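Spelled out, the chains give:
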Amino acid sequence: MKPFNIFKTAVVFVFFLSISACDEPSKKPADKPVDTNISYKQISPVFNADSAYNWVQKQVDFGPRFCNSSGHTACGNYLVDEFKRFADEVIEQKAVVKNFDGKNLNIKNIIASFNPTAAKRVLISAHWDSRPYADQDPNPENHNKPILAADDAASGVAVMLEMARQMKAVRPEIGIDFICFDAEDLGKSNAGNDTYCLGSQYWSKNKHKPGYKADYGILLDMVGAFNAHFIWEGYSVEYAEPILRKVWDQAIQLGFSNNFYYYKGGSITDDHYYVNTLAGIPTIDIIHYSENTETRFAPHWHTLGDNMSVIDRNTLKAVGQTLMEVVYKEGK
Ligand code: AHN
Ligand code: ZN
């Protein structure tokens, strides 16, 4: 080799070295898989994002849906009717629980199942109640007004409904339980974290069927907004890290790396905490996390801004198609 050629080889080598150095993602663990969506062959039915979007709209059209309100009753009945169109079995679990202020709340958890007798099961959940007070709104005059809660968490219920619609057409091989938890969002942090998630606490202590078990669970909370970032939430890492990896790797394979981040965030008291600790089912939380806000949630969180204007079909699609693929692969 001539000296000049050696020099050229060295220049090319250094050039490639510097590219790979720049490519290194800053906050993510090194073992993030490469995006292989170009060659990936999806096996699950197509998740229709327009359909999911319409189901967010339908829930929001009932107005605020907090416990003991007329919107709550009407929307609860609507969700039962919709799930009955698709699922093999729908159970309404009604109860009375105490709010942090001592008042009784009439709650209803809704459980919609496919293949109810199958041993291998996945539990997918979201809360269907809406927060009665916009206590994070930038305008203090709005702090006692109820929110429409398009993202928190009509989005999660909408993803479940669209999944159920597709499952009626192409049946999954394993058992699937969709649970709409009630009374998640009446809590006040200064009254204790257990003032949140009353429906999931009740269900975890009183399952809809004695001895109910699932292999694992996935909770959806605020999965519908523009620019949603999903991170590895703390309790999910603690109780169900292999499920996080399974779901995130699937999202990357499908090409949804804009939404799913391999970055460990803080621990959030949410319905999955009680499903993990009281029901003993390893459960992750797919939740919109923000680096740039004091609350660590999106700017519309618990404000009047949580309405249809923040909902993005692309985010619903990323979450819905990822879950479809995870679930259909379990049967293979
Ligand atoms: C707490 O603020 C303690 N947990 C947040 C759970 C939540 C409320 N998710 C949606 N709304
Ligand atoms: Zn909330």
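Residues numbered from 1 in each chain as written. Chains lettered and ligands numbered in written order. Predicted model: local features only at pLDDT ≥ 70, side-chain atom pairs only at ≥ 80, totals over all residues. Heavy atoms only, no water.

## Some details on the side chain of Glu330
- Along the chain, Glu330 falls in helix 8 (residues 313–330).
- Excluding anything up to four places from it in sequence, Glu330 contacts Lys120, Ile174, Tyr216 and Lys246. (Helix = DSSP H or I, 4+ residues; strand = E, 2+ residues; numbered from the N terminus. Contact = heavy atoms within 4.5 Å.)

## Some points on helix 5 (residues 198–205)
- Burial analysis of helix 5 places six of its eight residues in the buried class, which makes it a mostly covered element.
- All buried positions along helix 5 are accounted for by Leu198, Gly199, Ser200, Gln201, Trp203 and Ser204. (Buried < 20%, exposed > 50% of the residue type's maximum accessible area, 1.4 Å probe, protein only.)

## Considerations on the site of ligand 1
- Around ligand 1 lies a shell formed by Asp152, Glu184, Asp185, Asn193, Tyr196, Asp221, Met222, Thr269, Trp301 and His302.
- The contact in question runs from a nitrogen atom of ligand 1 to an N or O atom on the side chain of His302, over 3.3 Å.
- Protein contacts shield 93% of the accessible area of ligand 1, which totals 320 Å² for the unbound molecule.
- Residue classes in the shell around ligand 1 are distributed as three nonpolar, three polar and four charged. (Near = heavy atom within 4 Å. Polar contact = N/O pair within 3.5 Å; in protein donor to acceptor, adjacent residues only side chain to side chain. Areas by Shrake-Rupley, 256 points an atom, 1.4 Å probe, with all protein chains shown as cover. Nonpolar A, V, L, I, M, F, W, Y, C, P; charged D, E, K, R; others polar.)

## Quick word on the packing of helix 2 (residues 49–61) against helix 8
- Close contact between helix 2 and helix 8 brings their axes to 9 Å; oriented N to C, the two are set at 110°. By the angle between their axes, helix 2 is roughly perpendicular relative to helix 8. When you trace helix 2 past helix 8, the crossing you get is right-handed. Residues Ala49, Asp50, Ala52, Tyr53 and Val56 of helix 2 lie in contact with helix 8, whose contacting residues are Arg313, Leu316 and Lys317.
- Among the residues making up the contact of helix 2 with helix 8, the classes are represented as five nonpolar, no polar and three charged. (Axes fitted to C-alpha atoms, helices over the stretch in contact; angles between N-to-C directions. Parallel < 35°, antiparallel > 145°, perpendicular 65-115°, else oblique. Left-handed = near helix turned anticlockwise from the far one by under 90°.)

## A closer look at the coordination of the zinc ion (ligand 2)
- For the zinc ion (ligand 2), the protein coordination sphere consists of Asp152 (OD), Asp185 (OD), Asp185 (OD) and His302 (NE2), at 1.9 to 2.8 Å.
- All donors of the zinc ion (ligand 2) come from a single chain, and their spacing in sequence reads D-x32-D-x116-H. Of the two residues, Asp185 is situated in the loop between strand 4 (175–181) and helix 5 and His302 in the loop between strand 8 (283–287) and helix 8; the sequence distance between them amounts to 117 residues. Here Asp185 matches His302 in class, with each residue buried. (Donors = N, O, S within 2.8 Å, 3.2 Å for Na, K, Ca; no water.)

## Observations concerning the sheet that holds strand 4
- The strand order across the open sheet formed by six strands is 1-2-4-3-5-8, and the pairing between neighbours is mixed. Lying at the two open borders of the sheet, with one neighbouring strand each, are strand 1 (89–98) and strand 8. In this sheet, adjacent strand axes meet at a mean angle of 20° when their direction is disregarded.
- Here strand 1 pairs with strand 2 (residues 104–114) via 10 bridges, running antiparallel. Directly across from Lys94, in strand 2, lies its bridge partner Lys108.
- Here helix 3 (residues 70–86) sits on the sheet in contact with strand 1, strand 2 and strand 4, set at roughly 10° to strand 2.
- In the packing of helix 8 onto the sheet, the strands contacted are strand 3 (121–127), strand 4, strand 5 (216–221) and strand 8, and the crossing angle to strand 5 comes to about 170°. (Pairing = 2+ DSSP bridges.)

## So, the nonpolar core
- Among the nonpolar cores identified, the biggest contains 68 residues, and Ile124, Phe178, Leu220, Val247, Trp248, Phe260 and Ile286 are the most heavily contacted of them.
- Excluding residues that lie within four positions of it along the chain, Ile124 makes contacts with Met160, Met163, Ile176, Asp177, Phe178, Ile179, Ile218, Leu220, Leu323 and Val327. (Core = buried A, V, L, I, M, F, W, Y, C linked by side-chain atoms within 4.5 Å.)

## Focus: unusual backbone geometry
- Here the bond from Asp152 into Ala153 is cis, since omega is 5°, no more than 30 degrees from zero.
- Residues other than glycine seldom take positive phi values, yet Ala183 does so here, at roughly 50°.
- Tracing the backbone shows Ala183 in the loop between strand 4 and helix 5.
- Given the relative accessible area of 0%, Ala183 is considered buried.

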